[in-house]
Every structure is written in structure tokens, then in C-alpha cells.
Amino acid sequence: MTARRRVLGGLAGALAAGAAIPASAQRSYAPGAPPARYPDADIVALDKKRFTMTLGNSAIKRVATGYGWAEGPAWHATGRFWVWSDIPNDECLRMNEEDHSVHRRFRSPSGFSNGNTFDREGRQIAFRHFHRDVVRYEPDGRVTVLAARGPDGNFNAPNDGVVHPTDGSIWFTDPGYGALMNYEGQRVPEAANSPRPFIKEAVYRIDAQSGQVTKVADQPFKPNGLCFSPDYRRLYVADSGSSHYPEAKNIIWAFDVDGQRATNPRTFASMEFEGKSGFGDGVRCDEAGNVWVGAGWVGDGYDGVHVFAPDGARIGLIKLPEICANLCFGGTRRNQLLMTASQSIYLLPVETRGAHFC
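Residues numbered from 1 in each chain as written. Predicted model: local features only at pLDDT ≥ 70, side-chain atom pairs only at ≥ 80, totals over all residues. Heavy atoms only, no water.

### As for the overall build of the protein
The following threshold applies: Only DSSP runs of H or I with at least four residues qualify as helices, and only runs of E with at least two residues qualify as strands; both kinds are numbered from the N terminus onward. Three labels apply to residues, based on accessible area from a 1.4 Å probe with only protein chains included: buried if under 20% of the type maximum, exposed if over 50%, partly exposed otherwise in between. Here, residues are in contact when the closest pair of their heavy atoms is within 4.5 Å.
Of regular secondary structure, the protein possesses one helix and 29 strands. Overall, the protein is about 70 × 45 × 40 Å in size when its C-alpha atoms are taken along their principal axes. Across the 358 residues in the protein, those meeting the buried criterion constitute 56%. Counted over contacts in the protein with a minimum sequence separation of 6, partners at least 24 positions apart contribute 49%.

If you want it as C-alpha cells, here you go:
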């Protein structure tokens, strides 16, 4: 036992230092597996002075599994539940805060929805692959199509979106992944010879009063997840375009928000880490302006959540045994980080709060 403790202690020290270890030595999330020892070695402070948002006595917990591709989490504060999409299974699920019970078919069929969010009235807004539109679920059960085409034509396949509280406008991305495959939507004939199903991939804004759709940015090759800074003066957009465009870079873009426009496009952060580069997908800000990015497609030691300070420096890493597609802060205090990671849902209490209400 003494020798075994020394081995396990060495592994924990390696993880805390950010070193990769073989998959066979990683912790088990299976039911009945031993609990993780505090502090959780899969939570890595790359900058100990600035990565202070995690707790020494909390651990990453897998609360649900068995999905095809979990995506698009959002928190409903009044109902005290999370929702997320299982895109291939064409459904949206719900998890209660009080006991983490998961309820299937919250929306079914969901139109192979990807991202979800809630507006200030508590209405769910979904970004659907199959129908290539943005919809709102009304309190009386009706479904309102908010947008199905932009100024250049029908959308490719809307992906993720956020609501601006000042004017209620909805900002969303249209990278088109759902029109490239039947697994996550409906593969269209136009995708046979092009990674761009219909129109140039872009970021759009829906005006809450007029319903007018405007294009606010098309610099990213395939704009994916997006979020506002705490003061809503900056917009962050993950670019996963290297999935189809060799010239694309795995970066997070930053834009200045100037009223109804996104201006001054620039690189906020690179997803390259220790000589390897994966995709950034979903993004969220905490109350201090740090940017939390769901990341993956590299492997052990990279896949999970990367945390960047407001100046773009990578300061922390949450390692997961699966690719993390998206994330959101929730719970009554908005201090529970829920991560949709491939086939599973992970939850981590943190010592910060989400910058926004969902």
C-alpha cells in the first residue's frame, strides 16, 4: 500500500504540474468508482496568481452519460434547471438543480437543435440544424420562427447564440455543420463538393423589435460558440474553421460591440497549447471577464475547458476524459460550471459566477 500511495501521489503531482499521463492511469468516472482526492488533479492552474476561480475542496463530477453528442447548455434561473441538446438523438434534455435528475424529451423532436439560450422573459431560444433556423418556444406551447434566412439567403445551419439584455437582440453563429452531415442534421446536396453548404459562414444579429436580420461579422472561417464580455462591450467568437479550411487558424476572435455592429476584429487567444492545437467550441465569460472555452480533438491533457484571462493569456485548464463541446454557468448562484462533453455531462462548483443570466 505504501508503494501504491507513492505512485498515486506522483501521478497527482504530475497532473497538478500540467503533465500528460497515459489514459490507463486516469481516474474513473464509472458508477461506484473511488472519489477524486482533493484538490482535484484534473484542475490545473497554469497561472496560480490569476487562476483562482476553482476550489480546493470540489471535484469534477460526471452527472449523466449515454448521449450521442451533447451540446448547447443553458440555465433557466426561475425554473432552476439546465437544458442541453443531444443533437444526433434529436432531443433537448433538462436537468434539475436540486437533485441533478435528468429528464429526456424536454423538446422532441428538437429539429436537431444545437445551441440554446433564454431571453429576459424566460423563453427558450434554440438554434436548429435540421430546419436551419432560429426559434423561440412560447409559454403557450407555440414555436415562433425568429429567423430562417439572412441578407445573403437561407442559413447554412445556425449553431449557437446569446441575447443582448439592453435591446433583446439575439446574436448567433452560422457555421453550417448541421448541413454537412445527417448525423447532426440534414446533409444537403450542396455540401457534396464544398464545406460551405449555401452562404458564407457568419455571425448574425436578430433585432428584437423589427425581426430584421443583419450580418455583423464574417471574418471567422466557421464561427462556432460565442459570448459577450461582462459589460457587453466585447464579443468573443470561437473559430473552428480548420475542420474544413486548411488556411484557418484555431483561435478565439474578439470584436468590439458598437451598438448593432461588431467592429475591430482581432485574435483574442490561440488554441495552441504545448505544441498541439485543437478546436475551441462553446465559450462563456465569468464575472471577472475570464473566458472559459470548451475544447478538444487533441486527446488527454488537452481536451476539456481552457480558461483565458481578459488579456488572452491561458491561465487554467480543466481536463476531461472527453471532448468538451460547450459549457455554461448555472445554479442558484451561477457558480456551477456545467460542461457538455461528447457523450456525458460534467459539473464543477467554482469560486466565481457566470457573467450573464444563462
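### A word on the side chain of Glu-184
The line we're drawing: This count recognises Lys and Arg as positive and Asp and Glu as negative, with His and chain-terminal groups excluded. Take a side-chain nitrogen of Lys or Arg and a carboxyl oxygen of Asp or Glu: if they are within 4 Å of each other, that pair is a salt bridge.
Relative to the helices and strands, Glu-184 resides in the loop between β14 (170–174) and β15 (202–206). Of the buried charged residues, Glu-184 lacks a salt bridge, with Lys-222 as the closest side chain of opposite charge at 11 Å. If we ignore the near neighbours within four places in the chain, the residues touching Glu-184 are Trp-69, Ile-87, Phe-112, His-129 and Gly-178.

### Looking at the pattern of salt bridges
One pass over the structure, following the stated rule, counts 22 salt bridges. Note that Lys-215 and Asp-152 form a salt bridge whose closest N and O atoms lie 2.6 Å from each other. Residue Lys-215 is located in strand β16 (residues 213–217), and its partner Asp-152 is located in the loop between β11 (149–150) and β12 (153–154); the two are separated by 63 residues in the primary sequence. Taking relative accessible area as the criterion, Lys-215 reaches 30% and is therefore assigned partly exposed. Across the pair Arg-205 and Asp-207 runs a salt bridge whose closest N-O atoms are separated by 3.3 Å. As far as the burial class goes, Arg-205 and Asp-207 line up, both buried. Put simply, Asp-119, Glu-121, Arg-123, Arg-136 and Glu-138 are held in one network by salt bridges that share partners.

### A closer look at the sheet that holds strand β8 (residues 124–128)
For sheets, the rule is that strands pair by backbone hydrogen bonds, running either parallel or antiparallel. Cut-off, in case you're wondering: Here, any two strands with at least 2 DSSP bridges between them count as paired. Axes here mean lines fitted to C-alpha atoms, for a helix over just the part in contact, with angles spanning 0 to 180 degrees between N-to-C directions.
Overall, antiparallel pairing links the four strands, which are arranged β7-β8-β9-β10 in an open sheet. The sheet is open, and its two edges are formed by β7 (113–118) and β10 (143–147), each paired on a single side. This sheet shows a mean twist of 25° between the axes of neighbouring strands, independent of strand direction. Two elements, β7 and β8, share four bridges in a ladder whose sense is antiparallel.

### So, the pairing of strand β28 (residues 336–341)
Where burial is concerned, most of β28 is hidden: six out of the six residues are buried. In the sheet, strand β27 (residues 326–330) pairs with β28 via five bridges, with the strands oriented antiparallel. Each bridged residue has a counterpart across the sheet, and for Cys-328 the counterpart in β28 is Leu-338. Counting the residues between successive antiparallel strands, the hairpin from β27 to β28 contains five residues, one of them, Gly-331, with a positive phi of roughly 85°.

### A look at the packing of aromatic side chains
Keep this limit in mind: Side-chain rings of Phe, Tyr and Trp, where Trp is taken by its six-membered ring, are said to pair if the distance between their centres is within 6.5 Å; with planes under 30 degrees apart they count as stacked, over 60 as edge-to-face, and otherwise as tilted. When the NZ atom of lysine or the CZ atom of arginine is within 6 Å of a ring's centre and also within 35 degrees of its normal, the charge is said to sit over that ring.
Tallied over the entire structure, the rule returns 20 aromatic pairs. With centroids separated by 6.3 Å and ring planes inclined at 70°, the aromatic side chains of Phe-268 and Phe-308 adopt a geometry described as edge-to-face. With Phe-268 in strand β20 (residues 261–270) and Phe-308 in strand β25 (residues 304–308), this pair connects stretches of sequence that are 40 residues apart. Taking the centre distance of 5.4 Å and the plane angle of 85° together, the rings of Trp-292 and Phe-329 count as edge-to-face. Placement of the pair is Trp-292 in strand β24 (residues 291–296) and Phe-329 in strand β27, with a sequence separation of 37 residues. You'll find Trp-292 and Phe-329 in the same group, each marked buried. The ring of Phe-106 has Arg-107 sitting right over it, with the charged end atom 4.7 Å from the ring centre.

### Some words on the environment of Ala-288
Relative to the assigned elements, Ala-288 resides in the loop between β23 (279–285) and β24. Take Ala-288: its relative accessible area is 53%, and that puts it in the exposed class. Taking the C-alpha atoms as reference points, Ala-288 and Tyr-29, separated by 259 residues in sequence, lie 31 Å from one another.

Interpretation in functional terms is not warranted from these geometric data alone.
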